[in-house]
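Each chain is listed here by its residues.
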Amino acid sequence: MSVIGIDFGNESCYVAVAKAGGIETIANDYSLRATPSFVAFAGRNRVLGVAAKNQQVTNMNNTIGNFKRFLGRKFEDPHVQEELHMIPYHVEALPDGGIGVRVNYLDEEHVFTPEQITAMLFTKLKEDAFKELKAQINDCVISVPSYFTNAERQALLDAANISGLNVLRLINETTATALSYGFYKQDLPAPEEKPRNVIFVDCGHASLQVSACAFHKGKLKMLASCSDSVGGRDFDLVLATHFSKEFQIKYKIDASSKKRSFLRLMTEVEKLKKNMSANSTKLPLNIECFMNEIDVHSSMQRSEFEELSSSLFKRIETTMRKLLTDSKLTLDEIHSVEIVGGSSRIPSIKQLIEQIFGKSASTTLNQDEAVSRGAALQCAILSPAVRVREFSCADVQAYPVLISWTDSDGPHEMKAFEQYHAAPFSRLLNVHRKDSMTVNVHYEAGSVPYPDPFIGTFQVNGIRPDANGEAQEVKVKLRIDHNGIILIPNATMYERSESEEPRSPSPTTNGDQKSGDAAQNQASPQVEECGKAEEPMDTQEDKKKKVTTKQVKLTIDPKTHGFEKADLLKFFEEEMKMIANDRQEKERIDARNALEEQVYEVREKIQEGGTLHAYIEPQDASAICRELEEIENWLYEEGETCEKSVYKERLEKMRANIAPVHSRWEEYSNHEQAFTELGHAIQQTLKAVEQYRAKEPKFDHLTETEIINITEAAQKAQNWYEGARSKLVGINKTQDPPVKLADIRHETQTLTTCTNSVLNRPKPKPPTPPVDPNQQHGQSSSGSAEQEVQQNSSNAQQENNSPKPTTEDSMDVE
């Protein structure tokens, strides 16, 4: 079992895994740690990750990127409309107002939701993790921006469900970064001491997140988090717009008029921006055949770039100062400022950090992998599959949450959670109702970067009046769960009923009776006293009124963001079909490539100078060459999109045609080696016979008959050897050899087996001499005494050579 953490970024993704040696970021099939957040469709292929990013320019309309900002949003959303100006592919409105991405897949038009596109990317990440770890991926934690709303978080969970991932938690990127920082710190203050306050600045490709966190030993607590939708791509857009205007004046070409040209320009200015972060000198920008076969050239210096981007730096400064205000930290209380994210490498951002927080930017963390490592740590803490020391993470709710409902007194509204309220957390809403009620949950107006503050409408059903027709107490639970999603998980009605039960009179006083009733109420909280206890009667029994409280679970009909279960199941099945199609398509392409490779290989071998040229007749070679040419032409024409079975059938036919030639090459090429082995076996046998004749001691146990047998076997093999060699003299190699390689090896094996069965026979053991009875009674002669000394010496040697028992063995014997 493996647990992974996924940093799902707007530009690229990272996957980290918790292992026995710590947290490790795994590489994809291109040996890169970063997997681009791109999904492409090319004919019958679905291309994911690096391969999709590589064809962004050539297959622009069917290559999908920057789709993270579409999750959970509607087509008419102002943020979506603004985003549409920056993407080259086609986006349209769905019947429910959602977003659809139209692409050409399997030679048909398909429309996918952003959640489906995200699920495709998750499928790729899961596949890369499986290949790297050679283990099933069961649990994962996925990072989300801290500014994500309920709708966006639910959309990400839906995407994970479509891909078959089991998400233990959605963790805020700011919290994951803080966990990655604090988990390995051994010098954190004790719980009773003042916390260590650390500021984290995460400036990525599409957003800025600044957070404040308080650390104690074994735990962290998020204090505040501020964000803005400014990132590296906004700096790229500033540069691209500047150069586009310059080229329009200088070269009379408008880069913004063609999406492909502007996309190339964005790619080049991104490289220039990264170079300017490391160099303050003027740097060139050169693009060959940019538009209308025109090469363009320009240059820029860092100071000019900072001037062009002044408005973006102002937004970054505003966000940092807001965090300082929201966190209520003084500059002296801030221990350090840690930076992560690719765009945090821009020197001006580091200068702003030092100017605002009074601390130099620290690069303790891996700026690209910190979020994925923190997510993997959180997954290891939550998963039972991995043992890891506990480290608690107290997160916060980024936006204030309100709830509203209507009763007989009119509409009601109250604030359920303040901004930066602890999460996860639950609150109970106590109301008295006679009938079902509708609870509306929404964000405070103007507090979220989302056009609609709606969170959900929850219909609480099953409420009814009591026996007297009065309203009953209802408690509705409102919860921020561990994913940061706000919901109403359950509601309970407390149904009270009165009953009378007989009770025998007792000699106790009135005060004592009340004390006994109070003790009974303490033992059973659901039983409450109603009114005063009655005085004892002269009769044999009295009656006491009891109030019984019964908890009734109410049903809740939620209407909130996210797909219905039926839609999720449909999308999951579609994803499984696409995965199966990807596998079949890969097998088909592999079969086609194998056939194409065989064509080139066979042609090279049978041509003059090739390894098979000497073993095939010229007319046969010409026929095979014509067949190869026909297959090659077929591959690039009507055979381009055939099924795997067609390619395999052609490949097998081609191999069958070339098999006799290849067999002859194998026979003739290995004949010499086989004959050498047979000759060596004959020589070894004859040498052993000579040693026997020379009275070698190691062969003195052999009989004359055995020696005669192996001598005859060696002579027979020698005669066969000479006859076989003579048959091969002057033979034409385009013909099948009269002596097969298998025959030579058979002769070698026969002779070796016969010789070894004789020469490797062990010597018989000498008989044990009889024991003299006189030696047993101590009446041995001098000769017998000498034999006894030899025997004792032999026994002692055997004892020294035999393994001595260990202490454990001796204990077993005892």
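A brief report on the enclosed structure follows. The written sequence of each chain sets the order in which its residues are numbered from 1. The predicted origin of the model limits local features to residues at a pLDDT of at least 70 and limits the giving and counting of side-chain atom pairs to 80 or more, whereas totals for whole chains, interfaces and linings rest on all residues. Each side-chain value is derived from all of the structure's non-hydrogen atoms; neither hydrogens nor water enter the calculation.

1. Focus: the sheet that holds strand S7 (residues 63-64)
How we decide: Two strands are counted as paired when DSSP detects at least two bridges linking them. Helix numbering and strand numbering both begin at the N terminus, where a helix is a DSSP run of H or I of at least 4 residues and a strand a DSSP run of E of at least 2. In what follows, residue pairs with any heavy atoms lying within 4.5 Å of each other are defined as contacts. An axis is simply a line fitted to the C-alpha atoms; with a helix, the fit covers only the stretch in contact. Between two such axes, the angle follows the N-to-C directions and lies from 0 to 180 degrees.
If you trace the three strands from one edge of the open sheet to the other, you get S6-S5-S7, paired in antiparallel fashion. In this open sheet, the two strands that pair with only one neighbour each are strand S6 (45-48) and S7. Taken together, the four bridges between strand S5 (residues 39-42) and S6 define a ladder with antiparallel strand orientation. Bridged to Ala42 within S6 is Asn45. Across the sheet, helix H3 (residues 114-133) touches S5, S6 and S7, and the angle it forms with S5 is around 95°.

2. Some remarks on helix H9 (residues 310-327)
It helps to recall that an α-helix has 3.6 residues per turn; residues three or four apart then point in one direction. Just so we agree on the cut-off: One less than the number of residues in a helix, times 1.5 Å, gives the span that helix is expected to have. Think of it in three bands: residues with accessible area under 20% of the maximum for their type are buried, residues over 50% are exposed, and the middle band is partly exposed, with areas taken using a 1.4 Å probe on protein chains only. In this description, the arc belongs to the directions extending from the helix axis to the C-beta atoms.
With 18 residues, H9 should cover 26 Å at 1.5 Å per step; its first-to-last C-alpha distance of 26 Å lies within 8% of that length. Listed in full, the buried residues belonging to H9 are Leu312, Phe313, Ile316, Glu317, Thr319, Met320, Leu323, Leu324 and Ser327. The buried residues of H9 occupy one face: seen down the axis, they fall within an arc of 160°. Lys328 lies just past H9 and shows a positive phi near 60°.

3. Brief notes about the packing of aromatic side chains
Stated formally: Pairing of aromatic rings covers Phe, Tyr and Trp, the last through its six-membered ring, and needs centres within 6.5 Å; plane angles under 30 degrees mean stacked, over 60 mean edge-to-face, and all others mean tilted.
Within this structure, the stated rule accounts for 21 aromatic pairs. With a centroid separation of 5.3 Å and 55° between ring planes, the pair formed by Tyr181 and Phe215 is classed as tilted. One end of the pair, Tyr181, is in helix H5 (residues 173-182); the other, Phe215, is in strand S14 (residues 208-216), with 34 residues separating them in the sequence. For the pair shown, Tyr181 and Phe215 are each scored as buried. Measuring from ring centre to ring centre gives 5.1 Å for Phe563 and Phe571, while their planes differ by 75°; the resulting arrangement is edge-to-face. By relative accessible area, Phe571 is classed as buried at 10%. Following the ring pairs from residue to residue traces out a cluster consisting of Phe243, Phe247, Tyr251 and Phe290.

4. Considering unusual backbone geometry
Omega for the bond connecting Ala423 with Pro424 falls within 30 degrees of zero, at 0°, which places this linkage in the cis form. Looking at the element boundaries, Pro424 is found in the loop between strand S23 (421-423) and strand S24 (425-433). One non-glycine residue, Ser31, lies in the positive phi region at around 60°. With respect to the secondary-structure elements, Ser31 resides in the loop between strand S3 (22-25) and strand S4 (35-36). Even without being glycine, Glu293 reaches a positive phi, approximately 60°. Take Glu293: it is sitting in the loop between strand S16 (283-291) and strand S17 (294-300).

5. A few points about the packing of helix H13 (residues 565-606) against helix H15 (residues 644-693)
The cut-off we apply is this: Relative orientations are named as follows: roughly parallel for angles under 35 degrees, roughly antiparallel for angles over 145 degrees, roughly perpendicular for angles from 65 to 115 degrees, and oblique for any other angle. Here is the rule for handedness: rotate from the far helix to the near one, and if that takes an anticlockwise turn smaller than a right angle the crossing is left-handed, while a clockwise turn gives right-handed. Only Asp, Glu, Lys and Arg are considered charged, only Ala, Val, Leu, Ile, Met, Phe, Trp, Tyr, Cys and Pro nonpolar, and every remaining residue, Gly among them, polar.
One can describe the packing of H13 onto H15 by two numbers: an axis separation of 8 Å at closest approach and a directional angle of 20°. When the axis of H13 is compared with that of H15, the two are roughly parallel. As H13 packs across H15, the resulting crossing turns out to be left-handed. Residues Glu587, Arg588, Ala591, Arg592, Ala594, Leu595, Gln598, Val599, Val602 and Ile606 of H13 lie in contact with H15, whose contacting residues are Lys644, Tyr647, Lys648, Arg650, Leu651, Met654, Arg655 and Ile658. Among the residues forming the contact of H13 with H15, the class breakdown is ten nonpolar, one polar and seven charged.

6. Examining a nonpolar patch on the surface
For clarity, the cut-off: Patches draw on residues past 30% relative accessible area with no salt bridge. Two like charges within 9 Å are joined, as are two nonpolar side chains (Val, Leu, Ile, Met, Phe, Trp, Tyr) within 5 Å. Areas reported as accessible are Shrake-Rupley estimates using a 1.4 Å probe. Residue values count occlusion only from the protein chains shown. Just to be clear on terms, a salt bridge is a Lys or Arg side-chain nitrogen sitting within 4 Å of an Asp or Glu carboxyl oxygen.
Residues Leu569, Phe572 and Met576 make up a contiguous nonpolar surface patch of roughly 240 Å² in combined accessible area. Within the secondary structure, Phe572 is located in helix H13. With relative accessibility at 30%, the residue Phe572 sits in the partly exposed group.

7. Quick look at the pairing of strand S18 (residues 334-340)
Note on strand geometry: in a regular strand, side chains alternate between the two faces of the sheet. By the criterion of burial, S18 is predominantly enclosed, with six of the seven residues buried. By the bridge criterion, six bridges tie strand S13 (residues 196-203) to S18 in an arrangement that is parallel. Residue pairing across strands places Ile199 opposite Val337, the latter belonging to S18. As judged from the two bridges shared by S18 and strand S19 (residues 361-362), these two strands associate in the parallel manner.

8. Examining the pattern of salt bridges
Enumeration over the complete set of coordinates arrives at 43 salt bridges. A salt bridge links Arg44 to Glu643, with the nearest nitrogen and oxygen atoms 3.5 Å apart. Pair noted here: Arg44 is in the loop between S5 and S6 and Glu643 is in the loop between helix H14 (618-635) and H15, with a separation of 599 residues, a long-range link. The salt bridge involving Glu83 is made with Arg69; its shortest N-O contact spans 3.3 Å. Taken together, the residues Glu83 in helix H2 (residues 78-83) and Arg69 in the loop between S7 and H2 connect sequence positions 14 residues apart.

Don't take any of this as a statement about function, it's just geometry.
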